[in-house]
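# Per-entry structural report
These are the residues of each chain, in order.
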Amino acid sequence: KNIKKELNMKKILITRRLLRACEEKASKIFDAKLNGNDELYSQSKLIELSQGCDAILTSITDKMDKDTINKLPDSIKAISNFAVGFGNIDLEAAKDRNIIVTNTPDVLTDATAEIAMLLILGAARRASEGIEYAKNNNWKWSADFLIGKQLTGARLGVLGMGRIGRAVAKLAKAFGMIINYHNRSKLSPELEDGAIYHDSIKSLFSVSDFLSINCPATKETVNIINKETLKYFPTGAIITNSARGDMIDDEAMLDALDRRKIYAVGLDVYKGEPNLNPGYLKHKSAFILPHLGSATKETRTAMANLAIDNLDEFFNTGQCRNKVN
Ligand code: 8YV
């Protein structure tokens, strides 16, 4: 500790446990306060622990709202989020206090795109029902047992053609899907890579046999899947979400599943995690996972290392390429 002080090491609070190698890395570069029990800190505990720190390495489970940010000590100069998404942080409030906020793009693109494919496959091939039958050991093969939908030749709509959306498009293409997309702006032909652009969600949804949600949660995208927009889809469409739960009006979705307007959903993210709308729990047409998008050893390691490097870069240069505010 004293040596670290003498070396003038920056002091950082890491709010959640990281993989061990990453905590070791953080402790080499910084005077790092770790969370050994991986306890979820209350607002007051987080503020108390951040006293005397120069930065905080947060996770999406930390609500860094305006009130919390305003109560942080003046010594805090940076918040490094261990995620590509940063809906848990009030960027403006941080900016007002001269605190930079950083995220971890790129390193989780492939792992998240893989989960998106798992959702598409799991929903299309009725994996929830299949797992249930297999585990109950009460199934018999027959020619029409658990018939699902095939990806080959089907049209996939990608909502949000950023890094992750494009990675999903690439994998889906290998499955023989035809890629359509909507994005805030049309991509260059090189980035489009043959995908068909739609300038409205109505236009995209109307050709989406499958929809993969890969846009960020913003004021514009919250509940973008709702009672009205569900009408745009072809009957029997499949909707998957590996981005944020904010985008789906769950009651409208459950109603569309019950009416068979929507054939199945594949979900990895929810409003109010770790809780999820109980309607999905027993629904046979819902293939659900507990926010596993980036959960591989390689990716979680790269994310934590990047979150640490972001702080190192900021303290060494006053800048950070992954700054988001
Ligand atoms: C993580 C994520 O599981 O990066 C994101 O935005 O949602 C996931 O990769 C999570 O954020 C870890 O904090």
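Numbers given for residues are sequential positions, taken from 1 along each chain in its written order. With pLDDT at 70 or above as the cut-off, local features in this predicted model cover only qualifying residues; side-chain atom pairs require 80 or more to be listed or tallied, and sums for whole chains, interfaces and linings still use all residues. Calculation of side-chain values draws on the structure's entire complement of heavy atoms; hydrogens and water are dropped beforehand.

## Quick look at the site of the ligand
Quick note on the threshold: Note on definitions. A residue lies near a molecule or strand when any single heavy atom of the residue is within 4 Å of it. Distance and chemistry together define a polar contact, namely a pair of N or O atoms within 3.5 Å, with one atom able to donate a hydrogen and the other to accept it when in protein, and with adjacent residues in sequence counting only for side-chain atoms on both sides. Method for areas: the Shrake-Rupley scheme with a 1.4 Å probe, in which residue coverage is limited to the protein chains shown. In this classification, Asp, Glu, Lys and Arg are treated as charged, Ala, Val, Leu, Ile, Met, Phe, Trp, Tyr, Cys and Pro as nonpolar, and every other residue, Gly included, as polar.
Around the ligand, the structure places Ser-59, Ile-60, Phe-82, Ala-83, Val-84, Gly-85, Leu-108, Arg-244, His-291, Ser-294, Arg-300 and Met-303. Contacts to the ligand include Val-84, whose backbone N or O atom sits 2.8 Å from an oxygen atom. If the ligand stood free it would expose 330 Å²; the protein chains cover 90% of that surface. Considered class by class, the residues forming the shell around the ligand number six nonpolar, four polar and two charged.

## Brief notes about the pairing of strand E1 (residues 11-14)
Regular strands have side chains that alternate between both faces of the sheet. The line we're drawing: Each pair of strands is called paired provided DSSP finds at least two bridges between the two strands. Helix and strand assignments come from DSSP, with helices taken as H or I runs of at least 4 residues and strands as E runs of at least 2, each series counted from the N terminus. Throughout, right-handed denotes a crossover for which the path from the first strand over the helix to the second runs clockwise when the strands point away from the viewer.
Pairing of E1 with strand E2 (residues 31-33) involves three bridges; the strand directions are parallel. Each bridged residue has a counterpart across the sheet, and for Lys-11 the counterpart in E2 is Asp-31. Following the backbone out of E1, through helix H2 (residues 20-29) and into the adjacent parallel E2, one traces a crossover that is right-handed. One ladder, built from three bridges, connects E1 with strand E3 (residues 55-58); its direction is parallel. Residue pairing in the sheet places Leu-13 in a bridge with Ile-56 of E3.

## A look at the packing of aromatic side chains
Using the following cut-off: Aromatic pairs are defined between Phe, Tyr and Trp rings, using the six-membered ring for Trp, whenever the two ring centres lie within 6.5 Å; interplanar angles under 30 degrees are classed as stacked, those over 60 as edge-to-face, and all others as tilted. Working definition: with a 1.4 Å probe on protein chains only, accessible area under 20% of the residue-type maximum means buried, over 50% means exposed, and in between means partly exposed. Put simply, a charge is over a ring when the Lys NZ or the Arg CZ is close to the ring centre, within 6 Å, and near the line of the ring normal, within 35 degrees.
Per the counting criterion, the structure on display carries six aromatic pairs. An angle of 70° between the planes, with centres 6.3 Å apart, marks the rings of Phe-30 and Phe-315 as edge-to-face. Separated by 285 residues along the polypeptide, Phe-30 in the loop between H2 and E2 and Phe-315 in helix H14 (residues 297-317) bring together distant segments of the chain. Summarising the burial analysis for this pair, Phe-30 and Phe-315 share the class buried. Sitting above the plane of the Tyr-263 ring, Lys-149 keeps its charged end 4.8 Å from the centroid.

## Thoughts on the packing of H2 against H14
Axes are the key here: two packed helices are described by the angle between their axes and the distance separating the axes. Formally: The angle between two axes is taken between their N-to-C directions and runs from 0 to 180 degrees, where each axis is a line fitted to C-alpha atoms and a helix contributes only its stretch in contact. What sets the label is the angle itself: under 35 degrees gives roughly parallel, over 145 gives roughly antiparallel, 65 to 115 gives roughly perpendicular, and the rest give oblique. Throughout, a residue-residue contact means that at least one pair of heavy atoms, one from each residue, lies within 4.5 Å.
Interhelical geometry of H2 versus H14 gives an angle of 10° and a closest axis separation of 9 Å. By the criterion of interaxial angle, the relationship of H2 to H14 is roughly parallel. Where H2 approaches H14, its residues Cys-22, Lys-25, Ala-26 and Ile-29 are matched on the opposing element by Thr-301, Ala-304, Asn-305, Ile-308, Asp-309 and Asp-312.

## Considerations on the nonpolar core
Defined as follows: Only buried residues count toward a nonpolar core. Its members are Ala, Val, Leu, Ile, Met, Phe, Trp, Tyr and Cys residues joined through side-chain atoms within 4.5 Å.
In this structure, Leu-156, Met-161, Met-177, Ile-179 and Phe-210 are the most contacted members of the largest nonpolar core, which totals 46 residues. For Ile-179, the residues in contact, after removing those within four places along its chain, are Leu-156, Val-158, Met-161, Ala-169, Ala-172, Lys-173, Gly-194, Ala-195 and Ile-196. Leu-211, Met-253, Ala-256 and Ala-286 belong to the second largest nonpolar core, which has 27 residues in total.

## Structural notes on H14
Stated formally: Expected helix span is taken as 1.5 Å per residue step, with the number of steps being one fewer than the number of residues.
Given a rise of 1.5 Å per residue, 21 residues ought to cover 30 Å, and the 30 Å separating the end C-alpha atoms of H14 matches this to within 8%. Taken as a whole, H14 has its buried residues at Thr-299, Met-303, Ala-304, Leu-306, Ala-307, Ile-308, Asn-310, Leu-311, Glu-313, Phe-314 and Phe-315.

## Some words on the side chain of Thr-15
Looking at where Thr-15 falls in the secondary structure, it is placed in the loop between E1 and H2. Ignoring anything within four residues of it in the chain, the contact list for Thr-15 reads Asn-35, Glu-39, Tyr-41, Leu-46, Ile-56, Leu-57, Thr-58, Ser-59 and Asp-62.

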